[in-house]
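Tertiary structure, described
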Amino acid sequence: MPTINPLLRQLPSVDVLLQQAEHLINQFGRDKTKNALRDMLQNVRNALMRDEQVDIRPQSLLEMAQNLLISQFLPTLRGVINATGVIIHTNLGRAPLSQSAQHAMLAVAGGYSTLEFDTQTGKRGSRHIHAEAVICDITGAEAAMVVNNNAAAVLLMLSALAKEREVILSRGQLVEIGGGFRVPDVMMQSGARLVEVGTTNRTRIADYERAITPQTVALLRIHASNFKQIGFTETASLRQMAKVAHQHHLFLFDDLGSGALIDTTQFGLTHEPTPQESLADGCDVVAFSGDKLLGGPQAGILIGKGDIIAKLKKHPLARAVRSDKLCLAALSATLDEYRRGTALVNIPVLAMLARPLAHITQQAESWASILNSHGVSAQVVSNTSTIGGGSLPGETLPTSAVAISVDKPDDLLAKLRRLPTPIIARIADDQVLFDPRTVLPEQESLFLGQLQQVV
Ligand SMILES: *Cc1c(COP(=O)(O)O)cnc(C)c1O
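Computed from a predicted model, the values in this text were never measured in an experiment.

1. Describing helix H19 (residues 409-417)
Taken as a whole, H19 has its buried residues at Pro409, Leu412, Leu413, Ala414 and Leu416. Along its buried surface, H19 packs onto strand S12 (396-405), strand S13 (423-424), strand S14 (426-428), strand S15 (431-434) and helix H20 (444-454).

2. A word on the site of the ligand
Neighbouring the ligand are Arg94, Asn149, Asn150, Ala151, Ile177, Ile222, His223, Ser225, Asp255, Gly257, Ser289 and Lys292. Contacts to the ligand include asparagine 149, whose side-chain N or O atom sits 3.4 Å from an oxygen atom. For the ligand, an oxygen atom lies 2.8 Å from a polar atom in the side chain of lysine 292. If the ligand stood free it would expose 380 Å²; the protein chains cover 93% of that surface. Looking at the shell around the ligand, the elements that each hand over two or more residues are helix H8 (150-162) and strand S8 (251-257).

3. Focus: the domain arrangement of the chain
What the domain assignment reports for the chain is domain 1 (7-73), domain 2 (81-90 + 350-454) and domain 3 (97-344). Relative placement of domain 1 and domain 2: their C-alpha centres are 39 Å apart.

4. Notes on helix H7 (residues 129-139)
Burial in H7 covers these residues: Ala131, Glu132, Val134, Ile135, Cys136, Ile138 and Thr139. At its buried positions, H7 is contacted by strand S2 (143-147), helix H12 (275-280), strand S10 (300-304), helix H13 (306-314) and helix H15 (325-340). One or two positions beyond H7, positive phi appears at glycine 140, with a value near 80 degrees.

5. Here's the deal with the side chain of threonine 399
Relative to the helices and strands, threonine 399 resides in strand S12. Among the polar contacts listed, one links the side chain of threonine 399 to the side chain of serine 385, at a separation of 3.5 Å. Those residues in contact with threonine 399 that sit more than four places away from it in its chain are Leu357, Ile360, Val381, Ser382, Asn383, Thr384, Ser385, Asp435 and Arg437.

6. Examining the packing of H7 against H15
It is the contact of H7 with H15, at a shortest axis distance of 9 Å, that shows an interaxial angle of 25 degrees. Classified by the interaxial angle, the pair formed by H7 and H15 is roughly parallel. Both H7 and H15 take part in a crossing whose hand is left-handed. Together, His130, Ala131, Val134, Ile135, Asp137 and Ile138 of H7 and Leu328, Leu331, Ser332, Leu335, Asp336, Tyr338 and Arg339 of H15 make up the contact between the two elements. Tallied by class, the residues present in the contact of H7 with H15 amount to eight nonpolar, two polar and three charged.

7. Some remarks on the pairing of S10
Across the five residues of S10, five count as buried, placing the element largely inside the fold. Residues Gly300, Leu302 and Gly304 of S10 are buried on one face, and the alternating residues Ile301 and Ile303, pointing to the opposite face, are buried as well. Here five bridges tie S2 to S10, and the two strands are oriented antiparallel to one another. In the sheet register, valine 146 faces S10, and the bridge partner there is isoleucine 301. Across five bridges, strand S9 (residues 285-289) lies against S10 in antiparallel orientation. The residue of S10 that forms the bridge with alanine 287 is leucine 302.

8. Quick look at the packing of aromatic side chains
All chains considered together, the criterion is met by four aromatic pairs. Each ring, one from phenylalanine 434 and one from phenylalanine 447, has its centre 5.8 Å from the other, and the planes form 65 degrees; the classification is edge-to-face. One end of the pair, phenylalanine 434, is in strand S15; the other, phenylalanine 447, is in helix H20, with 13 residues separating them in the sequence. Phenylalanine 447 matches phenylalanine 434 in its accessibility class, with the two residues each being buried. Here the aromatic cluster, defined as three or more aromatic residues joined through ring pairs, consists of Trp367, Phe434 and Phe447.

9. Focus: unusual backbone geometry
Negative phi is the rule for most residues except glycine; trans is the rule for most peptide bonds. Despite not being glycine, aspartate 51 has its phi angle at roughly 60 degrees, a positive value. Looking at where aspartate 51 falls in the secondary structure, it is placed in the loop between helix H4 (30-49) and helix H5 (58-72). Judged by its relative accessible area of 58%, aspartate 51 falls in the exposed class. Here the phi dihedral of aspartate 430 falls at roughly 65 degrees; this positive angle occurs in a residue that is not glycine. Assignment of secondary structure puts aspartate 430 in the loop between S14 and S15. Looking at aspartate 430, the relative accessible area reads 59%, which means it is exposed.

10. Structural notes on the sheet that holds S12
Taking strand neighbours across the sheet as the criterion, the four strands line up as S11-S12-S15-S14 in an open arrangement whose pairing is antiparallel. Each edge of the open sheet carries a strand with a single partner, namely strand S11 (378-386) and S14. Across the sheet, the axes of successive neighbouring strands diverge by a mean angle of 45 degrees, strand direction being ignored. In the packing of H19 onto the sheet, contacts are made with S12, S14 and S15, and the angle to S15 comes to roughly 40 degrees.

Cut-off values and rules
- Residues numbered from 1 in each chain as written.
- Predicted model: local features only at pLDDT ≥ 70, side-chain atom pairs only at ≥ 80, totals over all residues.
- Heavy atoms only, no water.
- Buried < 20%, exposed > 50% of the residue type's maximum accessible area, 1.4 Å probe, protein only.
- Helix = DSSP H or I, 4+ residues; strand = E, 2+ residues; numbered from the N terminus.
- Contact = heavy atoms within 4.5 Å.
- Near = heavy atom within 4 Å.
- Polar contact = N/O pair within 3.5 Å; in protein donor to acceptor, adjacent residues only side chain to side chain.
- Areas by Shrake-Rupley, 256 points an atom, 1.4 Å probe, with all protein chains shown as cover.
- Domains from an automatic or database assignment.
- Axes fitted to C-alpha atoms, helices over the stretch in contact; angles between N-to-C directions.
- Parallel < 35°, antiparallel > 145°, perpendicular 65-115°, else oblique.
- Left-handed = near helix turned anticlockwise from the far one by under 90°.
- Nonpolar A, V, L, I, M, F, W, Y, C, P; charged D, E, K, R; others polar.
- Pairing = 2+ DSSP bridges.
- Phe/Tyr/Trp six-rings, centres within 6.5 Å; stacked < 30°, edge-to-face > 60°.

Take a look at the structure:
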């Protein structure tokens with residue numbers, strides 16, 4: 001018969017430990033603490049029966065229970081350090097917000113606000129006014145509306161203006177935007193009838209014109225935001241489309257996808273079409289995202305003529321896709337950075353795009369030397385950062401990354417993902433790469449501290 005580990009009988013009871021666990025009860029509640037103590041004691045008993053070494057002093061037992069509780073309460077949605085060099089990383093939450101946007105959210109988050117209250121009259125106001133004036137100021141639009149995201153904006157636009165009518169779209173623009181969502185499916189949801197014209201690679205203005213029937217209500221342009229066509233291609237320009245649409249008393253809708261409020265050629269990238277240009281080219285309604293190149297919170301923005309936007313605001317779906325106060329606060333503050341001319345400095349997405357290579361190289365060199373001084377072999381390599389988020393496909397920016405060579409790079413990536421603040425990196429040429437471009441300045445010391453621990 002095996003001897004029973006004598007430590008088993010020395011284990012304190014749940015109730016005895018509970019009396020010393022005031023700090024855990026305060027933090028996690030009595031029920032959860034009690035359960036954790038019970039689970040911990042069971043784990044310890046199992047370990048002792050396997051004759052494993054366990055420190056059974058109360059302090060140590062309480063710490064084990066605390067670790068259980070911490071892991072139970074770890075939020076699934078939490079901050080990470082993005083060292084991938086992908087600036088608008090959809091899976092990592094797209095655009096990090098500016099300081100001003102964060103402050104604006106805080107200012108309305110914990111209290112009551114003027115969300116739908118007019119302080120002049122003391123009567124009910126409209127949530128739509130908050131970002132509208134700023135959007136109109138920047139884009140030159142007559143009216144604007146903010147909804148939950150751009151997919152919702154397109155859905156609302158088509159539901160309110162094209163239900164049971166025909167909308168003409170080029171076959172080259174039948175886009176899947178990611179996560180399995182296809183724009184044609186979103187259109188079907190709205191009740192609009194999709195009429196495809198042209199071919200995958202070529203659609204002429206005459207193709208649109210020929211497809212117009214008495215049932216037609218609009219021509220639609222969807223910006224090919226996440227793919228690129230090269231070679232034998234042809235598309236009708238927005239100007240041509242506007243001319244044909246308006247000759248036939250039809251709307252011209254534009255789903256811009258990302259949309260950029262400033263010229264992206266200043267970063268050495270191709271030109272991403274702007275909402276301002278779409279309006280100037282004659283579009284009646286333009287829809288774009290708040291959290292792609294604009295650099296704000298998740299939102300969909302619709303701009304156009306006053307009477308059309310008014311119709312959208314009155315549609316029942318508008319209520320279902322409306323944006324909340326935190327979004328409106330953050331979006332207004334983000335847009336104010338554009339009005340003040342401080343966008344390139346203060347909006348993280350734009351600051352990352354604008355960062356000179358020399359700065360990045362300097363930072364990568366300083367990281368490498370810190371790591372080297374801790375006995376980690378790291379070197380600086382030339383690589384590329386990407387835009388991501390279904391914007392500017394194939395476009396890259398030259399960058400300098402820190403490369404660490406290990407036997408099993410996948411294992412290192414997995415370890416980095418398990419950190420309290422996970423570090424997300426990538427592998428190139430069997431090395432693990434860290435791109436300083438997308439590591440936020442306030443995360444740098446945490447990043448280096450954690451990285452040294454792991455490697
Ligand atoms: C990204 C994108 C959308 C969807 O925008 P969300 O803000 O993610 O809902 C729609 N259309 C195009 C062309 C896009 O690029």
